[in-house]
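Chain residues, written in single-letter form:
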Amino acid sequence: MKFTIKQYLSACMLLALVSVNAQNNSQDSTLVITDSDNITRENLTKKDTVEKFTRRKADGIAAVIGDYLILDSDITKMREDAETQGVSSGEITNCQLAGRLMENKLYAHHALQDTTVIVSDQEITGMTDQQISRMVSQIGSMEKLLDFYRKEDEQGLRDELFKINKERRLSSIMQDKIIEGVEITPEEVRSFFNRIPEEDRPKFGDEVEIAQLIIKPEVPKEEEDKVVDRLNEMRDEILDGSSFSTKAVLYSEDATSARGGQMTITREDALDKDFKQVAFSLREGEVSKPFKSQFGYHIIQLDKVRGQKLDIRHIILIPKVTEETVKAAKDKIEDIRKEIVEGEISFDEAARKYSDEKETRGDGGQLINPKSGDTRFELTDIDPMIYEKVNNLEKDEVSLVLMDQNRTGQKFFKIITLTQRYPEHIADYAKDYTKIKELALREKQFEAIEKWQNEKISETYIKINGAYKDCDYNSNWLKN
């Protein structure tokens, strides 16, 4: 059936589990195994039918988009993956699935023609290694993973995932390029809002504004000195010919150790400022001296410069705190909380004076929602670990002391307060401008994508076969 751009957006959201998002590098659902899958060969045998098995054997070409083929089995597998992720088969048609696949192939095809789009085999190999490592961890073993994907050996699986990942990456970069210059003015936002009938205006859920104050246990200087000395020893050994990658695997204290400390970064990545500054100051092959970030002490080796991206390897060592410093940090934050509760100091003043979180300290501990860029959080978006604490707080009430940890496992203490609460309400232009602006921008971006698609479809070799010629697509794939 034919659907409008708004219906198209809804369909895209429905298919997000099985496709590339237009603005984010979301995971391809064919590469995701959830805890609920718990798949074994026995389970696969029970699920599979003769009909499905026959379709895999009798494969045909559903469509050709530029340099890419879409097989009948691609559409079948996309449907199976959607069902694995909980999408009912009745919610999506084969025509919608085929249309989504054709879009992805169109993006990837034109990314290959664009000399400014660079995707290295090294980047895709690294991405594939991470996925396989994650999936093996989730499903239990390589044998079970091969069974799930019906592959004879690990290399066959790697080859398939490499192909999927490369196409997905090309498609994602191409979509980003289409919308990167799309901006929206306040007048366009107002016009967008006024076009929405009152009865159709979106409803925004309960929202809150939160501030936090963090106290981190101090690391004894002798512990820091030990870590710096060890990193200097490693650096000397690497400069004498030892493998940086091997040392990262053996000693680095974060998740990148499994892949030899390898990372691909840009200046826009949400990384520690000092980490990026050191990385972008290196020459190819150079190894940095030990330096400190908010997470620990590092050394970095720059492997390769690829335009605006760096391929690097790094090792992080984290100085250890002691029981005494942990207790001292907890006692300190308990005393600060008492001062606030008894009215001796405001939360804002206390955060500015005492908090160890430099990113929020200057704003009195006020948190910024990374999704929207403003201070409001929908309750459903809050970390489940603190949801109950926040939901039960009254305005300006201070939580009990909470223990938390960063991504490297370093523990710290915090207190939080609710600075404002916004009950569920129908969208209001003045109160919800940031959210309305995001909706208006998204619509304008989709219009840019739709225009690009129509132009590229007209100049690209496209052939649709079989039953897919009878689909009523939103885009002019049949070039009628």
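### Looking at the sheet that holds strand 13 (residues 462-464)
Then comes step 1: In space, the three strands of this open sheet follow the order 2-1-13, with antiparallel pairing throughout. Single-partner strands in this sheet number two, and they are strand 2 (68-71) and strand 13. Taken pair by pair, the neighbouring strands of this sheet meet at an average axis angle of 15°, ignoring direction.
Then comes step 2: The pairing of strand 1 (residues 61-65) with strand 13 spans three bridges and is classified as antiparallel. Bridge assignment links Ala 63 to a residue of strand 13, and that residue is Ile 464.
Then comes step 3: Contacting strand 1, strand 2 and strand 13, helix 5 (residues 94-113) runs over the sheet at an angle of about 165° to strand 2.

### Things to note about the packing of aromatic side chains
Then comes step 1: As enumerated under the stated definition, the model contains five aromatic pairs in all.
Then comes step 2: With a centroid separation of 5.4 Å and an interplanar angle of 25°, the aromatic rings of Tyr 107 and Trp 452 are classed as stacked. Of this pair, Tyr 107 sits in helix 5 while Trp 452 sits in helix 17 (residues 433-459); the two residues are 345 residues apart in sequence, bridging distant segments of the chain.
Then comes step 3: By relative accessible area, which is 1% here, Tyr 107 ends up buried.
Then comes step 4: Members of the aromatic cluster, each reached through a chain of ring pairs, are Phe 193, Tyr 429 and Tyr 433.
Then comes step 5: Of note, Arg 376 hangs over the ring of Tyr 422, and the distance from its end group to the ring centre comes to 3.8 Å.
Then comes step 6: Lying across the ring of Phe 204, Lys 435 places its NZ or CZ 5.8 Å from the centre.

### A short note on the sheet that holds strand 9 (residues 377-378)
Then comes step 1: Taken together, the four strands give an open sheet; going across it, the order is 9-4-11-10, and neighbouring strands pair in antiparallel fashion. Whereas interior strands pair on both sides, the edge strands pair on one side only; in this sheet they are strand 9 and strand 10 (402-405).
Then comes step 2: Across nine bridges, the pairing between strand 4 (residues 207-215) and strand 11 (residues 411-422) is antiparallel. Bridged to Val 208 within strand 11 is Arg 421.
Then comes step 3: Contacts between helix 14 (residues 347-354) and the sheet are confined to strand 4 and strand 11, with strand 4 contributing the most and set at about 40° to the helix.
Then comes step 4: Along the sheet, helix 16 (residues 384-391) contacts strand 4, strand 10 and strand 11; its crossing angle with strand 11, the most-contacted strand, is approximately 50°.

### Digging into the nonpolar core
Then comes step 1: Membership of the largest hydrophobic core comes to 48 residues, with the highest contact counts inside it found for Ile 70, Ile 75, Met 102, Tyr 468, Tyr 473 and Trp 477.
Then comes step 2: In terms of residue count, helix 5 provides more of this core than any other element does, eight residues in total.
Then comes step 3: Once residues lying within four places of it in the same chain are set aside, the contact partners of Ile 70 are Gly 60, Ile 61, Ala 62, Ala 63, Ile 65, Ile 75, Ala 98, Leu 101, Met 102 and Lys 105.
Then comes step 4: Grouped together as the second largest cluster of nonpolar side chains are 16 residues, Ile 215, Ile 340, Val 401 and Ile 415 included.

What counts, and where the lines are drawn
Residues numbered from 1 in each chain as written. Predicted model: local features only at pLDDT ≥ 70, side-chain atom pairs only at ≥ 80, totals over all residues. Heavy atoms only, no water. Pairing = 2+ DSSP bridges. Helix = DSSP H or I, 4+ residues; strand = E, 2+ residues; numbered from the N terminus. Axes fitted to C-alpha atoms, helices over the stretch in contact; angles between N-to-C directions. Contact = heavy atoms within 4.5 Å. Phe/Tyr/Trp six-rings, centres within 6.5 Å; stacked < 30°, edge-to-face > 60°. Buried < 20%, exposed > 50% of the residue type's maximum accessible area, 1.4 Å probe, protein only. Lys NZ or Arg CZ within 6 Å of the ring centre and 35° of its normal. Core = buried A, V, L, I, M, F, W, Y, C linked by side-chain atoms within 4.5 Å.

In short, shape yes, function no, at least from these values alone.
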